[in-house]
Each structure stands twice: as C-alpha cells, then as structure tokens.
Amino acid sequence: MARRPRKRRLRIGRFFAFLGLLLFAAAGLMVIGLVAVSIKDIPAWNTEALLSSNTTLIYDKDNKLVAKVGIENRVPVSISEIPNLVQKAFLAAEDHRFYQHHGIDFRGIMRAAFKDITGRGMHQGASTITQQLVKLSFLTPEKTFKRKIQEIILAAQVEHYYSKDEILEMYLNKIYFGQGAYGIQAAAQTYFKKDAKDLTLAEAALLAGIPKSPNYYSPLAAKDTPDGQPHQSISRQKTILQLMADYGFITQFQAEEALKSPISITKAPTKYPYPYFVDYVTELLIRKYGENQVYNSGLKVYTTLDPSIQAIAEGVMSDEKNFPPPKGKDKPQGAVVVLDPSNGHVRAIVGGREHTNRLGWNRATKKPGRQPGSTFKPIIDYGPAIEFLGMGPATVIDDAPVKYGNYEPPNFDNKFSGLITLRNALVNSVNVVAVKLLVDHVSIPKAIEFASRLGFDIEGRSVGASLALGTEEVTPLQMAGAYGAFANNGVFNDPVVILKVVGPDGTVLEEHKPRPRQVMKPTTAYLLSDMMKSATQEGTGKNANLGRPTAGKTGTTDDGKDIWFCGYTPDLVGVVWLGYDRPTPMKEAFGGGFPAKIWYKIMIQAHKDIPPRDFQRPPGIVTATVDKKSGLLPGPNTPPEHQVTDLFVEGTVPTAVDNTHVLVEICAATGLLPNRYCPDKVVRNLIKLPYTVPDYVADFNMRVPDRVCTLHGSGGAPMPPGQNGTPGPGSPQQDRDRPGTADQGAGPPNSGLTDQRPLGIVPPEGSRQQ
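Residues numbered from 1 in each chain as written. Predicted model: local features only at pLDDT ≥ 70, side-chain atom pairs only at ≥ 80, totals over all residues. Heavy atoms only, no water.

(A) Expanded view of the overall build of the protein. Counting its regular elements, the protein contains 22 helices and 22 strands. Relative to its full complement of 770 residues, the protein shows a buried share of 52%. Long-range pairs, those at least 24 residues apart, make up 69% of the contacts in the protein between residues at least 6 apart in sequence. Here the protein has roughly 36000 Å² of accessible surface; of this, 53% comes from carbon and sulfur atoms. (Helix = DSSP H or I, 4+ residues; strand = E, 2+ residues; numbered from the N terminus. Buried < 20%, exposed > 50% of the residue type's maximum accessible area, 1.4 Å probe, protein only. Contact = heavy atoms within 4.5 Å. Areas by Shrake-Rupley, 256 points an atom, 1.4 Å probe, with all protein chains shown as cover.)

Okay, structure coming up:
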C-alpha cells in the first residue's frame, strides 16, 4: 500500500523572515530611487552662492519697481573678529556639536526621524549649521525628504572644501537678523550701535535667538506675550543662556549675571519707500514662502500699490495738525486704507503716523483690531434690515428709551428724537434706533450672517444687543473691504495687495484670481449708499464731503477711545482710524472731526484726475411720498411738514394710509385731555400710539396725552372718578384698549403696519400701554 506524501508544514519563522527581507529590499530600492532623484535634481555647486543673496523685487500697479525686500545691510567680518562667547551663543542655539560632526549630525537625524515618523510628517529639524548654510545658499525652505537628502549631500561638499571656522564665519555673515540686517556685524550695529567684537554675553545671546524667526524674536518686533511677561526676545535669550551653561560653554553664574545685564536697543529708522504697504506685502510673502525664500531667492512680486495715493496718505498722516493733541508723552496714532471697490485692489496702506521698524506694528492690518463704533451700523443693523426685511430710508423707528435686560442703549447726546426715519437716524447716528433694528427686527443671528458675507467672523454666542453699536473688533482693511461692497452694487471683493509672484527662474508661483460675490441685492447697496450720502451732506460726516457724490459713516466709541470715518465714492473707498495704542479716552474727539478731515484731505487729492460720477441706480428703485411719523402713505390728517419723499425698493412702498395722526380735543391751558370743567378746549392734530414715552422725548408734545387735566374743577371739588388723572370707566384711555379701536391685529400685506402700529414702531420694554 502506497504511503501518502507528507504535507509540508508552513514554517512561520521562515515566512516572516522572507517577508522582512522583501520589505527591506523594497525599502532599499525606494531609498536608492529617492537618492537618485535627489542627486539628479540637486542644484549645481556654486561657491559664490555661499556668500551672496538675491533680493525680492516689488512692483506697483503699473509694473514699475518700487521697493526691494532683502536688499542687504551686510558688513562681512572674519571669524577672528567675532568673540568666542558670541560664537558659542550661536552654537548653543543652533548646533552645539558643530565641531564634532562632519556636516551631518546623525544623532540629530535619528532623533528628528523618530519624531517625524511618530508625528506623521516632516516637521522636526536637526539641520546642522553647515546644512543651514547650504539651505540658505542653494535650496528652498520646503520640508521634504528629497530636499533633506540634497541638503546632506551639499553639506558634505561644503565640509570637504572648507574648514569648520570658515563655515561658521560664512554662516554668521549670512544669516538674517530682522530689521534689514544680514550677518552678525550688521546686526550688532543695527540693534546696539556697536561692532560684533564689542558684544557682551547678554547681547550675544539675544542676537543668537533671532535667526530662528527674525520677525518674531527681533527685540523690535511687536510684543506677543501677556502683560507682565517679558518680550519674546528676552524669553528666547534666557533659553540660550541656559543652553550655553548646560553645554559647558559658560558657567551657571555667568548665565544668571548676563540675564541681569541691562540691554539698550536702538530703533533704526527705515529707509525704504511706502513702508507700511511693503511691510504688509512682505508679511504675506513670508507667511506663504518663508523668510529665506523672500529675503534671498529673488522673487518678483506684482502688487496693487498706487504710489501717488500712498504718498498722499503718508503725507497727511505725518502732519501732527491732523491729530488730536497728545496726552503726556503718548500721542494718538492712526491708520488709513484706500482701495478700489470694483476689484478689491488696495491702493494705499498707512499703519501709523511714522514708520520706525521694519515689519513693525501695522495698525491698518493687524488683528484683533479696534472697535468700529457707529461705522459698523450699516453692516450689522441697517444693511440686514433692508436686505432681509424690506425696510428702507423712510421706515420709522421710535427713538425712545428702551431696555434689554440690564442693557439700556444711550444716544451720543443723551437726547431722544422720538419717531424718526432710518435715513435721519443714520444721518445723525442715533444709537437707540440701531439697537432696536438689531434686536427687535433683524435678530442677532441674521445680522451676523449678513456681516459674514462682508468678511467678518463674529462669534454669535459672545455678543449681545451692544453689537449694534460696533463692539466687534475689526481692522481698517476689513472695514474698507466691507464698504467696498456698498460702493460696488453689493458685490464683495476680498481686499488684495499681491497680484502675481514670479520665482527667480521665471515660474509663476501664484497669481490672483478674482472671486467677486454678490453678497446683497444691488437695491440694498444703493439705498445704503444714498442714506450715507445724506450723512456727508447734512449729518455727522459733513467734514468729508468732497463736493461730488460721497457716502460715508462716522464712528466714535465710548469716551472717544476709537474714532473712525469710513467713506467712499463710486471709484475709491477710504477708511481712517485714530486712537491710542493703549485705548485712552479722547473725549474732545469724534469720528466726524479729525478722521473725517483726514479722509477728505487724502481723498480730494486721490480723486483729482477722476471725473465725478454718481452711484449707479439699479432697476427696482422707486420713489414715494409717505408720512415720516408712521412710514405709511399720507392720510387725511397728515400735516404737510410730516410728508417726505424718499426711495423704496419696488414692492415695499406701503399701501396702508396713515392712521396715527388723529384730531383730539385737549384742554387749552394744560395740553392734557379735558375734563368736564375745562373752560377752553381746542382740537389738535396729534399722533396716537398704543404706548407712551417719557416727556423728555422730543416729540412728546406731538402725541396724544395719556392723562386728564387736573387743573380745572367745580369750585375746587374733587375731580370725578376717571377725570383725576386715573383712567375710569368710559375714559379715553380705557377706550383705546377696547377691541375694535387701536389694537385690531396685523394689517394686510404691504400695509406698513405691525399689529396696527406703523412699521418699526415698537413700544419700549416696560413702557405703559395706552
């Protein structure tokens, strides 16, 4: 009987060993392939590249060269002129094993590789000083394995051709220290007005901390730490001194003494044209391409800058006569943005009265910004009311005291106008009307939705009724973009300064693609523009009137801490902000004063060669005459002085006739409702509403009184019930509460009425109902 062949058992150990060999071979082939590709594309060896840099060129809107970024303030020094402690500070900060490795620190690479693998990305550094020199001289700042392999190969070549001291010398003469300073000697002169050979240990540690991020760790950079904490450059200095002690370059005592040493920083004046505009362009480039590529690779950047308008704005902003007087040593600052509303192209940016540091604080663009005050009303109150609710310039709101919880919005002059149209409320910047629009009509979520279309990101859970008065922090650049949509028939364009970036080899790295969005109806934009035209003709913005169609809105926050003017023509938008860097009251200042005047001085010159034209009236706008106390069509009792002709979106003209003007008999002596003993009674045309307002509201005496005369009686006898100021049976006050009189429910469509009240007339919370 034949024996069955035995089945061969699968040996697990051999299987995994074989699989491991396959994976190892595959990985090896991948590495070989990656190395081959890296070698194939490696930049050509060029010893000159180790010593030189190419500047980035910035062009204006007409493609004319206006500035060079990275033009080198460089004074090479030999390694013998750089004190040993200065060298040690940079070794501690960047590569403490510099003299132990041959250009590549394999310990560092293994540590970085482990962190990159566990972190799933090429994030960890480990570049030696030699590799950094190679990266500055030959490579782009991208973090890929291919670039890292090229960096290692080129670093080995550098180590082959140059000694360690020569490499360190080239590195210290090449790195960027911010403020336009390249190399250790230029940095020492820029920040301390001394030579590198005279640097102290404390100064050396401070400078050694800058190259990691020059625009952040420069001692002249804007402070980015909480109040009470040292500047980020000092924190970095402390870290480096401790590293020097840890590596044995100095003692712990030396580190502690250096930290106590006073340091005097020099503010070097900038010497390049249009600095705030150029700085903003540079910031955007660095954010996208990194500092090394911006300062060293030779980019060509085409921008939207109009040098003429920029120079005009800089000149006006540098004139101290255009600002409120200073308080002590501090003086109020300011910012200006001018843009073309048709495409969002920014023509001018001025971020302060003077420019003291390269890439310093730019008040025109830096967030979080400042509170815009009433300049935000067209964005958060009036715009959404017109867009979503069909309101218009002739809609009526009652400017009377109102309270929402503990919040009672004040008017700027502490006065109340009573029944007022939206046009007049905007012209005179009436706060109560804005708050009522937001809370009682539009709603905060809908208002935030409208504002988001204009580029504002508002956290709905953190705001309340005061949002109506501009408590959200914004930048002048954001405000210019939003107002651009009003000027551009409701079409919003993101503000843009960079149109195209071209690499040193001619490759187009980026090109602006316009993305216009219709964020509101053209009719909404037109009505807002027409209302804001009135503000510059007869309202708070009169100082900004250019003598051509001009629209705008003033803004003044509590105690005048921030004062604004945002205005525009069909051709240009301009935004002006003034205030102290640390918010300080300027009670004598307001948006219609200094900001409006600055705006006028800039824009009158900017429009010098632009023919005047009015805002384009879109289809669907009609005119109608209404009663300005009810917003309804004039009724039989509407007096001529209460009739106004205004603009409406077609389909929103009220169809109901005014029913608020009524003929009422009153006591001639007291002006109150008469009792049976009043000897003289007169009939007056008064306004009848289902609620009362305080007697300090301006039109109080135009309204039907809610009390009965108590002056007259029969020989001094007590007044009969219902006629002694307290409503009684059959009294006029009680009649007005009866069914079939004033409160009869909602009116028909387009009646202009809400619960038989004029559209927008909402009784203040807690007011007495008649």
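(B) Quick peek at the pattern of salt bridges. Under the counting rule described, the total for this entry stands at 25 salt bridges. Across the pair E510 and K288 runs a salt bridge, and its minimum N-O distance is 3.4 Å. Residue E510 is found in strand β12 (residues 508–511), and its partner K288 is found in helix α12 (residues 275–289); the two are separated by 222 residues along the sequence. Of the charged contacts, one joins R370 and D562 as a salt bridge, the two residues approaching to 2.9 Å between their closest N and O atoms. (Salt bridge = Lys/Arg side-chain N within 4 Å of Asp/Glu carboxyl O.)

(C) The pairing of strand β5 (residues 300–303), seen in detail. Sheet topology places strand β1 (residues 56–59) next to β5; three bridges connect them, and they run parallel. Note that in β5 the partner of I58 across the bridge is V301. With four bridges connecting them, β5 and strand β11 (residues 498–502) associate as antiparallel partners. Bridge pairing in β11 links T303 to I498. (Pairing = 2+ DSSP bridges.)

(D) View of the sheet that holds strand β14 (residues 551–556). Across the sheet, five strands lie side by side as β7-β6-β16-β15-β14; this open sheet has antiparallel pairing. The open sheet terminates on both sides in strands that have one partner only, identified here as β7 (345–350) and β14. The sheet shows a mean angle of 10° between the axes of neighbouring strands, taken without regard to direction. Running over the sheet, helix α19 (residues 476–487) touches β6 (333–340), β7, β14, β15 (562–568) and β16 (573–579) and is turned about 145° from β16. (Axes fitted to C-alpha atoms, helices over the stretch in contact; angles between N-to-C directions.)

(E) Structural detail: the side chain of T395. The residue T395 is located in the loop between α15 (377–389) and β8 (396–399) in this model. Taking relative accessible area as the criterion, T395 reaches 8% and is therefore assigned buried. Of the polar contacts made by the side chain of T395, one reaches the backbone nitrogen of G392; its length is 2.9 Å. (Polar contact = N/O pair within 3.5 Å; in protein donor to acceptor, adjacent residues only side chain to side chain.)

(F) Focus on the sheet that holds β5. Taking strand neighbours across the sheet as the criterion, the five strands line up as β2-β1-β5-β11-β12 in an open arrangement whose pairing is mixed. The open sheet terminates on both sides in strands that have one partner only, identified here as β2 (65–69) and β12. The sheet shows a mean angle of 15° between the axes of neighbouring strands, direction not considered. Relative to β11, α12 is tilted by about 55°, and along the sheet it contacts β1, β2, β5, β11 and β12.

(G) Region of the structure containing the packing of helix α2 (residues 84–94) against helix α8 (residues 201–208). Between α2 and α8, whose axes approach to 9 Å, the crossing angle comes to 35°. Crossing geometry of α2 relative to α8 is assigned as right-handed. Facing α2, whose interface residues are L85, V86, A89, F90, A93 and E94, α8 presents L201, A204, A205, L207 and A208. Here the residues of the contact of α2 with α8 are counted per class, giving 10 nonpolar, no polar and one charged. (Left-handed = near helix turned anticlockwise from the far one by under 90°. Nonpolar A, V, L, I, M, F, W, Y, C, P; charged D, E, K, R; others polar.)

(H) View of helix α6 (residues 164–174). Most of α6 sits inside the fold, with eight of its 11 residues counted as buried. All of the buried residues along α6 are K164, I167, L168, M170, Y171, L172, N173 and K174.

(I) Region of the structure containing the side chain of T375. Mapped onto the elements, T375 comes out in the loop between β7 and α15. By relative accessible area, which is 0% here, T375 ends up buried. A distance of 2.6 Å separates a polar side-chain atom of T375 from the backbone oxygen of P372.

(J) Seen up close, the environment of A258. Topologically, A258 is positioned in helix α11 (residues 252–260). A C-alpha to C-alpha distance of 8.9 Å links A258 and A205, two positions 53 residues apart in sequence. Ignoring any residue separated from it by four or fewer positions in sequence, one finds A258 in contact with L201, A202 and L241.

(K) View of the pairing of β16. Within β16, seven of the seven residues are buried, which leaves the element mostly enclosed by the surrounding structure. Pairing analysis gives seven bridges linking β6 to β16, with the strands arranged antiparallel. Bridge pairing in β16 places A335 opposite W577. Bridge analysis of β15 against β16 gives seven bridges, and the strand direction is antiparallel. Residue F565 lies in a different strand from β16, and its bridge partner there is V576.

(L) Broad picture of the nonpolar core. Within the largest apolar cluster, 128 residues are counted, with the highest numbers of intra-cluster contacts made by I379, L454, F456 and M479. With 51 residues, the next largest nonpolar core counts V134, Y171, A186 and I240 among its residues. (Core = buried A, V, L, I, M, F, W, Y, C linked by side-chain atoms within 4.5 Å.)

(M) Layout of the confidence of the model for the protein. Chain-level pLDDT for the protein is 85 on average; 82% of the residues reach the 70-or-more range. Confidence drops under a pLDDT of 50 for residues 120–125, and excluding neighbours within four residues, the segment shows 13 contacts in the predicted structure. Throughout residues 720–770 the model reports pLDDT below 50, and contacts reaching past four residues in sequence, or to other chains, amount to 113 contacts. (pLDDT = per-residue confidence, 0-100.)

(N) Quick look at helix α21 (residues 594–606). The first and last C-alpha atoms of α21 sit 18 Å apart over 13 residues, in line with the 18 Å expected at 1.5 Å per residue. When α21 is considered as a whole, its buried residues turn out to be P595, A596, I598, W599, I602, M603 and A606. Relative to the axis of α21, the buried residues are bounded by an arc of 160° and lie together on one face. The inward-facing, buried residues of α21 abut α14 (307–317), β6, β15 and β16. (Expected span 1.5 Å × (residues − 1). Arc of directions from axis to C-beta.)

(O) Layout of the packing of aromatic side chains. Tallying each qualifying case throughout the model produces 16 aromatic pairs. Seen in terms of ring centroids, Y59 and Y302 are 4.7 Å apart; in terms of plane orientation they differ by 10°. Their pairing is stacked. On the criterion of sequence distance, the pair formed by Y59 in strand β1 and Y302 in strand β5 is long-range, its members being 243 residues apart. Clustering of aromatic rings is evident, with ring pairs tying together Y483, F486, Y568 and F615. Here R236 stacks its cationic end above the ring of Y217, 5.6 Å away from the centre of that ring. Directly above the aromatic system of Y302 lies the positively charged group of K500, at a separation of 5.2 Å from the ring centroid. (Phe/Tyr/Trp six-rings, centres within 6.5 Å; stacked < 30°, edge-to-face > 60°. Lys NZ or Arg CZ within 6 Å of the ring centre and 35° of its normal.)

(P) The environment of D399, seen in detail. For D399, the location among the structural elements is in strand β8. The spacing of D399 and A698 is 299 residues in sequence and 9.2 Å in space, taken between C-alpha atoms.

(Q) Broad picture of the packing of α8 against helix α10 (residues 232–246). Running from N to C, α8 and α10 cross one another at 110°; their axes reach a closest spacing of 8 Å. By the angle between their axes, α8 is roughly perpendicular relative to α10. Handedness of the crossing formed by α8 with α10: right-handed. Between α8 and α10, the residues in contact are L201, A202, A205, L206 and A208 and S233, I234, Q237, I240, L241 and M244, respectively. Classifying every residue of the contact of α8 with α10 gives nine nonpolar, two polar and no charged. (Parallel < 35°, antiparallel > 145°, perpendicular 65-115°, else oblique.)

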